[in-house]
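# Chain and residue survey
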Amino acid sequence: MAKPVKITETVLRDAHQSLLATRMRIEQMLPMLESLDKIGYNALEAWGGATYDSCLRFLNEDPWERLDTLKLHLKTPIQMLLRGQNLLGYNHYSDDVVRAFVNKASEHGVGVFRIFDALNDVTNLRTAIDAALKAKEKPHVQGCLVYTISEFHSNQTFVDLAIELEKMGVHSICIKDMSGLLKPYVAEDLVKKLKAAVSVPIELHTHYTSGFGSMTYLKAVEAGVDILDCALSPLANDTSQPCTETMIATLEGTERDTGLDRHALDPIAKHFLGVKKEIMKEFNLPGYFDVNPNVLDFQIPGGMLSNMVNQLKGMGAADKYQELLEEMPRVRADLGYPPLVTPSSQIVGTMATMNVIMQAQGKPRYTMVPNEVRDLARGKFGKTPAPVKPEVLKAMKITEEDIITDCAVEDAKAPTMADFRKELAEKKVDAKLASIKPQLDGVDPAIYEQVRETQLAKMMDELPEEDVLSYALFPQVAEEFFKKNGRF
Ligand code: CO
């Protein structure tokens, strides 16, 4: 019996995040949205990951307005990538903020929530998954297995996690292979085991970074995978996903034929090739990356490698690159083998860089420890796959009392939506009052305070929830964005 493979298209999100530093604008997507909608994709991944941050920081676009525009032109479900309790930021948020964000995103048109946690700790997935399952628009809710390799991970580890996710009520499960570490035969075994253990559909997401992409997809297809993430040809392969058109052609005439018309993609590909050239020129980006089989040993996601090189340069230690490559896996082992994906990848990367610099100065490793590394080590972000090495805890001066065994208890202490709303409203009112300062000179302080309170109450009432969420996720960047756009 024919069992078509479904395709999720990533050209609007991961593909340009991987190859073009997330710089695609909504205007560059708009001309092709109707055509993309007609292809028959399982979903169009278009939001989340770094897009929200990039919209505010670099493109002067309101991410919520982008989502509205996409929704206006698309019936195909819009997929977003969400970092569980981290949402789209780098901190853990309170459950209240997580629920508010998921509800708003669903209301604005997110049809598929792909939810992951960098440590694969389900504590960090629970609230986001529950909120998405309860959203009144009834979006599709997908849980992720963040794929990594270590002596503490096997295919069985991921099967166990999948069973747990299915129990939590997810509608499908994604193998999220962000660094392209999943080898073809391992993928075949993993998909077979998952198909036997759970009944929800299995989706595979990889990056071509180490050169396995199409081979891994083909073996996964043979093993019965249901959905593949592919990128349209101009933004495919390299550090992005395997190519959509090639995948469709590969399966043509087989029992897993996608049924999609590959030639309907020609004009769309042509458009995005032009877009790619525009973005490369405007932002001075190379637009391609070499295949890097070393990723298998170092497990460093593509984009991160260039960040780390820049960090080293900034500290005048560009010649320490090889040392850094070797220090990364050591730090990862010390910290209990976290998978390297945002935000754990940045945390491990920064620590490795610091260690290399310290050693170059003749000082021991872990002489200087950034706060977020300490937090990861003491369990603030959840359980690491293996325990953090005792001698490392000691070097970081982390005592028994510092250890956090249930990170949900910590999250409960994080600010709520009401806290963020008040903070933003206060900033806006104080900025407004400062701008009319000369007129307020000599005013009775009691009256001034009264005016401020009235203004504050009004502002708290008026602030749109979307702005409060932008502020909660990226405080400085959002403030700058609001100022630039007359919202301050
Ligand atoms: Co990805």
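These notes cover the structure that comes with them. Keep in mind that this is a model prediction, so the values were computed, not measured. (Residues numbered from 1 in each chain as written. Predicted model: local features only at pLDDT ≥ 70, side-chain atom pairs only at ≥ 80, totals over all residues.)

Each helix and strand counted, the protein chain has 24 helices and 8 strands in total. Its C-alpha atoms give the protein chain a radius of gyration of 23 Å, within 12% of the compact-globule value 23 Å for 488 residues. Its C-alpha atoms put the protein chain at 80 × 60 × 45 Å along the principal axes. Among the 488 residues that make up the protein chain, the fraction classed as buried is 47%. Across the protein chain, the fraction of contacts at a sequence separation of at least 24, relative to all contacts at a separation of at least 6, is 80%. (Helix = DSSP H or I, 4+ residues; strand = E, 2+ residues; numbered from the N terminus. Rg over C-alpha atoms; globule rule 2.2 N^0.38 Å. Buried ≥ 20, exposed ≤ 12 C-beta atoms within 10 Å, placed from the backbone. Contact = placed C-beta atoms within 7 Å.)

In terms of burial, strand 5 (residues 140–146) is a largely internal element, 6 of the 7 residues being buried. Between the parallel pair strand 4 (residues 110–115) and strand 5, the chain is carried across by helix 7 (residues 123–134), and the sense of this crossover is right-handed. At this point the chain moves from strand 5, through helix 8 (residues 155–167), to the parallel strand 6 (residues 172–177), and the crossover so formed is right-handed. (Right-handed = clockwise from strand over helix to strand, strands pointing away.)

Turning our eyes to something else, we now look at helix 10 (residues 213–222). By the criterion of burial, helix 10 is predominantly enclosed, with 7 of the 10 residues buried. Of all the residues in helix 10, the buried ones are Gly213, Thr216, Tyr217, Leu218, Lys219, Ala220 and Val221. Its buried side turned inward, helix 10 meets helix 9 (184–197), strand 7 (202–206), strand 8 (227–230) and helix 11 (244–251).

Moving on: the pairing of strand 6. Taken across its 6 residues, strand 6 has 6 buried, putting it largely inside the fold. Covered by surrounding structure in strand 6 are Ser172, Cys174 and Lys176 together with Ile173, Ile175 and Asp177, the residues of both alternating faces. Two strands pair when backbone bridges link them, and strand 5 and strand 6 are joined in this way by 5 bridges, in the parallel orientation. By the bridge assignment for strand 6, Cys144 is matched with Cys174. Here strand 6 runs beside strand 7; their pairing, made up of 5 bridges, is parallel. Across the sheet, the residue bridging to Asp177 is Thr206, located in strand 7. (Pairing = 2+ DSSP bridges.)

This part takes up the nonpolar core. By size, the foremost hydrophobic cluster in this structure holds 134 residues, and its most contacted members are Phe113, Ile115, Ala128, Leu145, Leu228 and Leu232. Considering every element that reaches this core, the biggest residue donor is helix 16 (residues 344–360), with 7 residues. Look past the residues within four positions of Phe113 in its chain and what remains in contact with it is Met80, Leu82, Val102, Ala132, Pro139, Val141 and Gln142. (Core = buried A, V, L, I, M, F, W, Y, C linked by C-beta atoms within 7 Å.)

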